[in-house]
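Descriptive structure summary
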Amino acid sequence: MASSLTKDSVTPGTPGSEKTFFGHPRGLATLFMTEMWERFSYYGMRALLPLYLVAPGGLHLNAATATAIYSVYVSLVYLLAMPGGWFGDRVWGPRKTVAVAGAVIMLGHLTLALPSSGTFYAGLGLVAIGSGLLKANISTMVGHLYNGPDDPRRDGGFTVFYMGINLGAFAAPLVIGTIGENVNWHLGFALAALGMALGLVQFLLGSRHLAANSSVVPKPLTVAEKSSTLRKAAFWAALAVVFYAIVGFSGVYTLNWILVPLTLLGVIIPVMVLVNMKRDKELDRSEQSKLSAYIWFFVAAAVFWMIYDQGGSTLSIFADSSAENSVLGWEFPVSWYQSVNPVLIMALAPVFAWFWLALNRRGKEPSTIVKFGSGLVLVGASFFLFLAPLSIAEGGHKAAAMWLVAIYFTQTVGELLLSPVGLSVTTKMAPAKYASQMMGVWFLAVTAGDATTGLLSIAGVDLNKTGVVAMEATLAVVAGVAVWMYRGKVKALMGSVR
């Protein structure tokens, strides 16, 4: 990336050196590379995870248990983004939090690389904790590079930053997936650790180019708050240790003693957060109205992510057992399907941006509600499409790879309709009191969706059965149509937000 640094002039006072990165502050290169390598490690491991869980040479679990573990893991990553943001705001500051997060993620992947099933779940837990710490804080530091929200380069900077996410996500399955599936599972996990190590080194060496306020703790805990927080944390940790010690020594422990509480938390906590916000008497009538409208978007988004994130679990397990993973006679690893979405995002995102701008100039751009509803309908359509390869497999044949590519394509178009709109509407409809917390609330929609998938799997529901897939597809389409039908009511609740 050094070749892209130029001696462009910069505004006096801009954080970083005189060099720029694609016309942006030099610190963006540091954060771009850190995030790219972190996503490389995350998506590489995630592509291997469900396959390793069901493989005879892996943990050799059944598909339902593998899907439950995968779903709980993904839901935890997004659930922990809220306490991760809290640590950055109240304890360590964003820069230190990201450095610690990178080390924890690397340690987690190294633990996964150990050839022991006993340490495997500890490794997953460490990666989830580290990802939660990093996710909320690295984006904050991107914002710190610019001279406030009105800096004309700010939006472009985030666009460049998100390209790093997709580059890492695209390359990871091709490298880590290939080594993990074809050579050794644990070597694949070790490569994920190496990826995070490269990101951490990049971050530490380039941190001098970051804004000074990225090291500042915005609202440090008082002595009393610190003492109270430590007491509460120690109490709940001790309670968990005692409880699981009793369960373990009694001989009744199974994996569900961990999975069930975590999936329930993934559903209950998002509901509690929204209920507490709605009951806040300090919010004025306009803020309460916007929050009511936002709940519609939140529930719809949870349904979307419930289906969308099965692209890494249900679809991957299906491809492993029932698909002809080859093109023109050339076979490829199952994990490579996970590169389809990021490459499509990189190809289609500029097209969508241009398309919305062209429609806007003509006064024909669809409203936020229409885009959101369309995204839901498309993710439902992707699972109706899934019924075709399922039927082929039930007939005793292998489904063609292009069926799965078509499903991922449909889901990606749905994501481009719903996800950017969801992020935008979250910032626009956030009550002033919760402005900094609402992005974490948006992530909780992912948590709720994945936790629901986890609960279904724990209950023994086979998510690769045509009846279940058809039910999920119908749910998404009905939710999308309901959002569209009640668009008038939702618009009224949104007030001035469009």
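What comes next is a walk through the structure. This is a predicted model, so every value here is computed, not measured.

A few words on the overall build of the chain. Helix and strand counts for the chain stand at 17 helices and seven strands. Against the globule reference of 23 Å for 498 residues, the chain gives a C-alpha radius of gyration of 23 Å, in line with a compact fold. The principal-axis extents of the C-alpha atoms in the chain amount to approximately 65 × 55 × 55 Å. Out of the 498 residues belonging to the chain, those deemed buried represent 50%. The long-range share in the chain, meaning contacts at least 24 apart out of those at least 6 apart in sequence, stands at 79%. As displayed, the chain has an accessible area near 21800 Å², and 67% of this comes from carbon and sulfur atoms.

At their nearest, the axes of helix 14 (residues 401-429) and helix 15 (residues 438-458) sit 9 Å apart, and the two run at 145 degrees to each other. Remark: the crossing between helix 14 and helix 15 carries right-handed chirality. Contacts between helix 14 and helix 15 involve Leu418, Ser419, Gly422, Leu423, Thr426 and Thr427 from the first element and Met438, Met439 and Trp442 from the second. In the contact of helix 14 with helix 15, the residues fall into five nonpolar, four polar and no charged.

As enumerated under the stated definition, the model contains 30 aromatic pairs in all. On the basis of an interplanar angle of 75 degrees and a centroid distance of 5.3 Å, the ring pair of Trp37 and Phe40 is categorised as edge-to-face. In this pair, Trp37 and Phe40 are both assigned in helix 1 (residues 27-54), three residues apart and thus about one turn of the helix distant. Its relative accessible area of 23% is what places Trp37 among the partly exposed residues. Assessed through its relative accessible area of 10%, Phe40 is described here as buried.

Mapped onto the secondary structure, Met439 falls in helix 15. Met439 sits in the partly exposed class, given a relative accessible area of 28%. The spatial distance from the C-alpha of Met439 to the C-alpha of Gly422 is 9.8 Å, given a sequence separation of 17 residues. Aside from chain neighbours lying at most four places away, what touches Met439 is Leu423, Thr426 and Thr427.

Let us now look at unusual backbone geometry. With a phi angle near 55 degrees, His60 is a residue other than glycine that sits in the positive phi range. For His60, the position within the fold is in the loop between helix 1 and helix 2 (63-79). Classification of His60 as exposed rests on a relative accessible area of 54%. The backbone of Leu328 sits at a positive phi, close to 55 degrees, despite the residue not being glycine. Among the structural elements, Leu328 can be located in the loop between strand 5 (326-327) and strand 6 (330-331).

Over the atoms rolls a probe the size of a water molecule, and in doing so it shows where empty space is left. Applying the stated criterion across every chain yields a total of one cavity of 30 Å³ or more. Approximately 50 Å³ is the volume attributed to the largest cavity. Along the walls of the largest cavity sit Ala63, Ala64, Thr67, Thr314, Asp462, Leu463 and Asn464, which together make up its complete lining. For the lining of the largest cavity, a count of residues per class yields three nonpolar, three polar and one charged.

Across soluble globular proteins, you tend to see nonpolar side chains buried next to one another. Ranked by internal contacts, the top residues of the largest apolar core, which has 100 residues, are Met45, Tyr73, Phe120, Trp305, Tyr337 and Leu404. The element best represented in this core is helix 10 (residues 285-308), accounting for 13 residues. Setting aside residues no more than four positions away along its own chain, Met45 makes contact with Tyr73, His109, Leu112, Leu124, Val127, Ile176, Phe189 and Ala192. Ranked by size, the runner-up nonpolar core spans 25 residues in total, among them Ala99, Leu133, Phe161 and Ile165.

A word on the environment of Ala473. Following the sequence through the fold, Ala473 ends up in helix 16 (residues 466-485). For Ala473, a relative accessible area of 0% puts it in the buried group. Expressed as a C-alpha distance, the spacing of Ala473 and Val299, which sit 174 residues apart in the sequence, is 16 Å.

This paragraph deals with the pattern of salt bridges. Any two side chains of opposite charge can pair, on the condition that their charged atoms come close. Considering all chains together, one arrives at three salt bridges under this definition. Two residues, Lys371 and Glu365, come together in a salt bridge whose shortest N-O distance is 2.6 Å.

Along the chain, Gln288 turns up in helix 10. Engagement of the side chain of Gln288 in a polar contact is seen with the backbone oxygen of Lys278, the distance being 2.9 Å. With residues up to four places along the chain from it excluded, the contact list for Gln288 reads Met277, Lys278, Asp280 and Leu283.

Below, the discussion takes up the layout of surface pockets. The calculated volume of the second largest pocket comes to roughly 290 Å³. Lining of the second largest pocket is provided by 15 residues; of these, Leu76, Tyr121, Gly125, Ile258 and Leu262 occupy positions nearest its centre. Elements with a contribution of two residues or more to the lining of the second largest pocket: helix 2, helix 5 (117-144) and helix 9 (256-278). Here the lining of the second largest pocket gets five residues from one element, more than from any other, and that element is helix 5. Its residues assigned to classes, the lining of the second largest pocket comprises 14 nonpolar, one polar and no charged.

Cut-offs and rules
- Residue positions are counted from 1 within each chain, in the order its sequence is given.
- Confidence filtering applies because this is a predicted model: local features only for residues at pLDDT of at least 70, side-chain atom pairs given and counted only at 80 or more, and all residues used for totals across whole chains, interfaces and linings.
- Here the side-chain values reflect all heavy atoms present in the structure, with hydrogen atoms and water set aside.
- Per the convention used, a helix needs a DSSP run of H or I reaching at least four residues, while a strand needs a run of E reaching at least two, with both numbered from the N terminus.
- All radius of gyration figures rest on C-alpha atoms, and the globule criterion is 2.2 Å times the number of residues raised to 0.38.
- Burial classes follow relative accessibility: with a 1.4 Å probe on protein chains only, a residue under 20% of its type's maximum area counts as buried, one over 50% as exposed, and anything between as partly exposed.
- Note on contacts: a residue pair is in contact if any heavy atoms of the two residues lie within 4.5 Å.
- The Shrake-Rupley method, run with a 1.4 Å probe, gives the accessible areas here. Residue values count only the displayed protein chains as cover.
- Lines fitted to C-alpha atoms define the axes, with helix axes restricted to the stretch in contact, and inter-axis angles between N-to-C directions lie between 0 and 180 degrees.
- Less than a right angle of anticlockwise turn of the near helix away from the far helix marks a crossing as left-handed, whereas a clockwise turn marks it as right-handed.
- Polar here means any residue other than Ala, Val, Leu, Ile, Met, Phe, Trp, Tyr, Cys and Pro, which are nonpolar, and Asp, Glu, Lys and Arg, which are charged; Gly is therefore polar.
- Aromatic pairing here means that ring centres of Phe, Tyr or Trp (its six-membered ring) are within 6.5 Å. Orientation follows from the plane angle: under 30 degrees is stacked, over 60 is edge-to-face, and everything else is tilted.
- Buriedness of a pocket was judged along seven lines, with at least five required to meet protein on both sides within 12 Å; pockets are open sets of points on a 1 Å grid over the protein atoms alone, cavities are sets where a 1.4 Å probe fits but cannot get out, and lining residues have an atom within 4 Å of a point.
- Grid points are joined across faces, edges and corners, and a volume is the space filled by probe spheres set on the points.
- In this description, a nonpolar core means a group of buried Ala, Val, Leu, Ile, Met, Phe, Trp, Tyr and Cys residues linked to one another through side-chain atoms lying within 4.5 Å.
- Just to be clear on terms, a salt bridge is a Lys or Arg side-chain nitrogen sitting within 4 Å of an Asp or Glu carboxyl oxygen.
- Counting of polar contacts relies on pairs of N or O atoms within 3.5 Å, with two restrictions inside protein: one atom must be capable of donating a hydrogen and the other of accepting it, and residues adjacent in sequence are counted only when both atoms are side-chain atoms.

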